[in-house]
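Structure at a glance
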Amino acid sequence: MRKDVRILLVGEPKVGKTSLIMSLVSEEFPEVVPYRAEEITIPADVTPERVPTHIVDYSEAEQTDEQLFQEISKANVICIVYSVNNKKSIEKVTSHWIPLITENTDKDSRVPLILVGNKSDLVEHSSMETILPIMNQYSEIETCVECSAKNLKNISELFYYAQKAVLHPTGPLYCPEKKDMKPLCVKALTRIFKVSDLDNDGILNDNELNFFQRTCFNTPLESQALEDVKNVVRKNLTDGVCDNGLTLKGFLFLHTLFIQRGRHETTWTVLRRFGYDDDLELNQDYLFPPLKIPPDCTTELNHNAYLFLQGVFDKHDKDRDCALSPEELSDLFDVFPYMPWGPDVNNTVCTNDQGWITYQGYLSQWTLTTYLDVQRCLEYLGYLGYSIIAEQESQAAGITVTRDKKIDLQKKQTQRSVFRCNVFGDVGSGKSGFLQAFLGLNLMRQNMIREEHRSYYAISTTYVYGQEKYLLLHEVFPDFDYLSDADLACDIVCLVYDVSNPYSFEYCAKVFKQYFMDSKIPCMMIAAKSDLPEIKQLYGCSPLEFCRRHKMPPPQSFTCNTADAPSRDIYIKLTTMAMYPHARLRCMCTCNRCTFCLCQNFLNSELLQMVRAKLYAVVLRRHVSQVDLKSSSFWLKASVGASVFAVLGFAMYRVLLKPR
């Protein structure tokens, strides 16, 4: 909506242009009228639309044609004034003024015109019979007002209609020749209907209509008023009301009726509430609200945004199979000007056996978009009407900006829910297979993916100590010399090599030494294609020895060549390392040779489990006699045993924490 309105008054000399302005300001007819009134600004608080209004007079005696052309180009609305008792001034409207204005305005930005018949106090008849054919001939004419500067008749109404012509123009909404709404207006109102149809049944029921009314006009409809509206639609349209609810056809008919009856400000109020500008395009301020993101911070959806997106999913999952078929997905994105998700999305998130995006995959894709491109996420939420349906100030209310990662490292804890893992590896090392395996696809199903539909991202959920977290895997293009900042910015690094290729590990070792050896980002080595015979890597040391030297967990064996879905254990380990980068997690080790593995095997041994069970039985079943309890030797033995156990436990704890 415009921040101010500029009204220009033009017309033949002596028709009363200056008198109209002075009568409005002083509320009385001036005895002495100058050739031209100075520009007047009416404050916002005294105008009906609460917008500052500038009124500009034109005088042929005092101004040049060049000055007139400049004023025409600056005006938001032009009032062509004629005298109702002067036929020549009426003829000049079409022979001179309208062509002049047309020549000096941009063809794409049509300026609304108001015809003003002044000096109505001097005649007993109306000039409307003469003016109506002119109004029908020129679509840019919004309305005609007959007034009298002397009697102050319709003076305030004149400037109200001029303001209204700018703030609520008919032109973008309605085509007088066809007596119907224009396609852009129909498209915008159709989106508004679908966003407001909360259960997606194609009908606005009473609850939805009341929510719509409250959203747009800050007041609900009375029951009788609601019935009256539906009765008007029923009388004029057979399929405008269905199951006592308003259909899309009925909704569009109502707005056509509003416009035809001169109440187009009602339609504009609805359009602007749903984010549309004067050109019936979604406003950039609506789609992209301000959101400040400091360096080293990430963006995530908050709880309210997830609830909203869950509601959108449920609304379009008509067969309740917890997946969106292509038709359901198309219906969901029908409120978008374009299809936002391409075929690669089906290989980025989890899908069902039919290749349809599941509920979990749907939320994962939204999480991915928010993390990688929050501005696009804001845009998408805007198309879905998040700020309206969730009753928030803007889409930015659905975004959480995480704190600086440095603070997480200092406090040794994080509140983030999304962790990024960049996957490095030479060509053919198995990176793509590693990503697709995260989505539950084994090698056989991966081979069915078309090359043009492959994705360099994979995202899904894992559970770490009972907490649901998102792990985002990103396959980095194996160009060692051109790694960007985005390639290096992550929470954990995954270095993949092919155990059956003797040259594969060298790339991983170089990437680690060049970019990550001195960083605080945890790294994990993945020994991919472990189902194939392992061949010695042609490098200065073995992968296991390399990991020990650089205090990394030992290489993790991985294969996606399985009958069922590949194991997800390795992804849980990655998420755990990303969540706790300060901790040297020994639980990754599977070598069965290091101190940790020996201690872990001892703790899990059958002997120790049996001893522990016996001790529990003694304590819990109270097999200790009263004589033993009174004996000092018993308590001495118990104290010594507890001390030994504590010392051994502390020693084991130190061993586990001691860096390799």
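Above: the structure in question.
Now for a description of the structure that goes with this document. (Residues numbered from 1 in each chain as written. Predicted model: local features only at pLDDT ≥ 70, side-chain atom pairs only at ≥ 80, totals over all residues. Heavy atoms only, no water.)

1. A closer look at the overall build of the protein chain
For the protein chain, the count of helices and strands is 27 helices and 21 strands. Residues counted as buried form 47% of the 660 residues belonging to the protein chain. Sequence separation of at least 24 residues holds for 70% of the intrachain contacts in the protein chain that already meet a minimum separation of 6. Accessible surface computed for the protein chain: about 34600 Å², of which carbon and sulfur atoms make up 53%. (Helix = DSSP H or I, 4+ residues; strand = E, 2+ residues; numbered from the N terminus. Buried < 20%, exposed > 50% of the residue type's maximum accessible area, 1.4 Å probe, protein only. Contact = heavy atoms within 4.5 Å. Areas by Shrake-Rupley, 256 points an atom, 1.4 Å probe, with all protein chains shown as cover.)

2. Considering helix H14 (residues 359-372)
Taking 1.5 Å per residue as the helical rise, H14 with its 14 residues ought to reach 20 Å, and the 20 Å between its terminal C-alpha atoms agrees with that figure. Burial of H14 is extensive: 11 of the 14 residues sit out of reach of the surface. Regarding H14, the residues found buried are Gly361, Tyr362, Leu363, Ser364, Gln365, Trp366, Thr367, Leu368, Thr369, Thr370 and Tyr371. (Expected span 1.5 Å × (residues − 1).)

3. Focus on the packing of helix H7 (residues 206-217) against helix H10 (residues 264-273)
The interhelical angle for the contact between H7 and H10, taken along N-to-C directions, is 90°, at an axis separation of 9 Å. Relative to H10, the element H7 lies roughly perpendicular. Residues Phe212, Thr215, Cys216 and Phe217 of H7 lie in contact with H10, whose contacting residues are Thr266, Thr269, Val270 and Arg273. For the contact of H7 with H10, the class distribution of residues is four nonpolar, three polar and one charged. (Axes fitted to C-alpha atoms, helices over the stretch in contact; angles between N-to-C directions. Parallel < 35°, antiparallel > 145°, perpendicular 65-115°, else oblique. Nonpolar A, V, L, I, M, F, W, Y, C, P; charged D, E, K, R; others polar.)

4. Description of the packing of helix H12 (residues 303-316) against H14
The angle between the axes and the distance between the axes are what describe a pair of packed helices. Their axes nearest at 11 Å, the elements H12 and H14 cross at an angle of 135°. The angle between H12 and H14 places the two elements in the oblique class. By crossing handedness, the relation of H12 to H14 is classed as right-handed. Contacts between H12 and H14 pair Tyr306, Leu309, Gln310, Val312 and Phe313 from the former with Tyr359, Tyr362, Leu363, Trp366 and Thr367 from the latter. A class-by-class count of the residues in the contact of H12 with H14 yields eight nonpolar, two polar and no charged. (Left-handed = near helix turned anticlockwise from the far one by under 90°.)

5. Considerations on the environment of glutamine 63
Following the sequence through the fold, glutamine 63 ends up in the loop between strand E3 (53-57) and helix H2 (65-74). In this structure glutamine 63 comes out as buried when scored by relative accessible area, which is 11%. As a C-alpha pair, glutamine 63 and arginine 36 span 27 residues in sequence and 9.3 Å in three-dimensional space.

6. Structural notes on the sheet that holds strand E5 (residues 113-118)
Spatial ordering of the open sheet is given by E2-E3-E1-E4-E5-E6, a layout of six strands whose pairing is mixed. Every other strand in the sheet has two partners, leaving strand E2 (40-42) and strand E6 (141-146) as the edge strands with one partner each. With strand direction ignored, the average angle separating the axes of adjacent strands in the sheet is 20°. With five bridges connecting them, E5 and E6 associate as parallel partners. Looking across to E6, one finds that isoleucine 114 is bridged to threonine 143. The strands touched by helix H5 (residues 155-167) are strand E1 (5-11), E3, strand E4 (77-83), E5 and E6; relative to E1, the strand with the most contacts, the crossing angle is about 120°. (Pairing = 2+ DSSP bridges.)

7. With respect to the layout of surface pockets
Quantified by volume, the largest pocket comes out at close to 1300 Å³. Counting only elements with at least two residues in the lining of the largest pocket, the list comes to H2, helix H4 (128-137), E6, H5, strand E7 (174-175) and helix H9 (248-260). Looking at which element gives the most residues to the lining of the largest pocket, the answer is H5, with four residues. Class assignment of the residues belonging to the lining of the largest pocket gives a composition of 19 nonpolar, 13 polar and 10 charged. (1 Å grid on protein atoms, 1.4 Å probe; cavity = no way out; pocket = protein on both sides within 12 Å on 5 of 7 lines; lining within 4 Å. Points joined across faces, edges and corners; volume = space filled by probe spheres on them.)

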